[in-house]
Amino acid sequence: MVKQFSEYLYLPYLVFKTIDYFWKAFLLNYISSGGFFMAIMITDECISCNACEAECPNTAIYSPGLAYNIGGQEYAALSEEHTYIVPDKCTECVGFYDEPQCIPACPTEAILADPSHVETKEELIAKKENLDLVGR
Ligand code: SF4
Ligand code: SF4
């Protein structure tokens, strides 16, 4: 019997997803254990279900195309395609929880650390305190 092409692709796909998962977990743990943190970002895997939005203590997560707010000031949406995180509002949940709350809430594993936004714990605490002051 001739196997369908998709059957040949399934095993490589599983291997890729497993490596991808452990790589992300390792990277997040490595960065955090060294005292450095990264803002969290949402990738194209997002299906805009908004499950993560309810978990965010900083109201840093917004629906696609929706303007975001900081301190009563409105800013243009950062993504029209999928739900997005505002790096200026994300503290990796520092100040509220020990772990980012949005990551386990995502059914498609679309949330991961953003290497372009590495911050120290002190910077994240300062960001949280500033948001406390000006408003989220
Ligand atoms: S890590 Fe925490 S603060 Fe950052 S977007 Fe996710 S839930 Fe919000
Ligand atoms: S939980 Fe995941 S899929 Fe749902 S909106 Fe958030 S990032 Fe997108």
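Here's what I pulled together on the structure shown here.

Conventions and cut-offs
- Residues numbered from 1 in each chain as written.
- Chains lettered and ligands numbered in written order.
- Predicted model: local features only at pLDDT ≥ 70, side-chain atom pairs only at ≥ 80, totals over all residues.
- Helix = DSSP H or I, 4+ residues; strand = E, 2+ residues; numbered from the N terminus.
- Contact = placed C-beta atoms within 7 Å.
- Near = placed C-beta within 6 Å.
- Nonpolar A, V, L, I, M, F, W, Y, C, P; charged D, E, K, R; others polar.
- Core = buried A, V, L, I, M, F, W, Y, C linked by C-beta atoms within 7 Å.
- Buried ≥ 20, exposed ≤ 12 C-beta atoms within 10 Å, placed from the backbone.
- Expected span 1.5 Å × (residues − 1).

1. Examining the overall build of the protein chain
1) Next: Scanning the protein chain for helices and strands turns up three helices and six strands.
2) Next: Intrachain contacts of the protein chain at a sequence separation of at least 6 include 72% that bridge at least 24 residues.

2. Some thoughts on the site of ligand 1
1) Next: In the neighbourhood of ligand 1, 14 residues make up the surrounding shell, with C56, C90, C93, P100 and C102 lying closest.
2) Next: Taken together, the residues that form the shell around ligand 1 break down as nine nonpolar, three polar and two charged.

3. Side note on the site of ligand 2
1) Next: Around ligand 2 lies a shell of 14 residues, among which C46, C49, C52, T83 and C106 are the nearest.
2) Next: Considering only residue class, the shell around ligand 2 consists of 10 nonpolar, four polar and no charged.

4. Overview of the nonpolar core
1) Next: In this structure, I40, I61, I85, C102 and I111 are the most contacted members of the largest nonpolar core, which totals 21 residues.
2) Next: Residue assignment for this core shows that the elements contributing at least two residues are β1 (36-42), β2 (61-62), β5 (84-85), α2 (102-105) and β6 (111-120).
3) Next: What I85 contacts, discounting residues up to four positions off in sequence, is I40, M41, I42, A60, I61 and C90.

5. Digging into the environment of N50
1) Next: Mapped onto the elements of the fold, N50 is located in the loop between β1 and β2.
2) Next: The class of N50 is partly exposed, set by 14 C-beta atoms lying within 10 Å.
3) Next: As for N50 and A105, which are separated by 55 residues in sequence, their C-alpha atoms are 9.4 Å apart.

6. As for helix α3 (residues 121-134)
1) Next: With 14 residues, α3 extends 20 Å from end C-alpha to end C-alpha; this agrees with the ideal 20 Å at 1.5 Å per step.
2) Next: Looking at the residues trailing α3, positive phi occurs at G135, about 100°.

7. Quick notes on unusual backbone geometry
1) Next: The residue S48 is not glycine, and still its phi comes out positive at about 55°.
2) Next: Along the chain, the position of S48 falls in the loop between β1 and β2.
3) Next: Residue classification places S48 among the partly exposed positions, given that 16 C-beta atoms sit within 10 Å.
4) Next: Here the phi dihedral of C93 falls at roughly 70°; this positive angle occurs in a residue that is not glycine.

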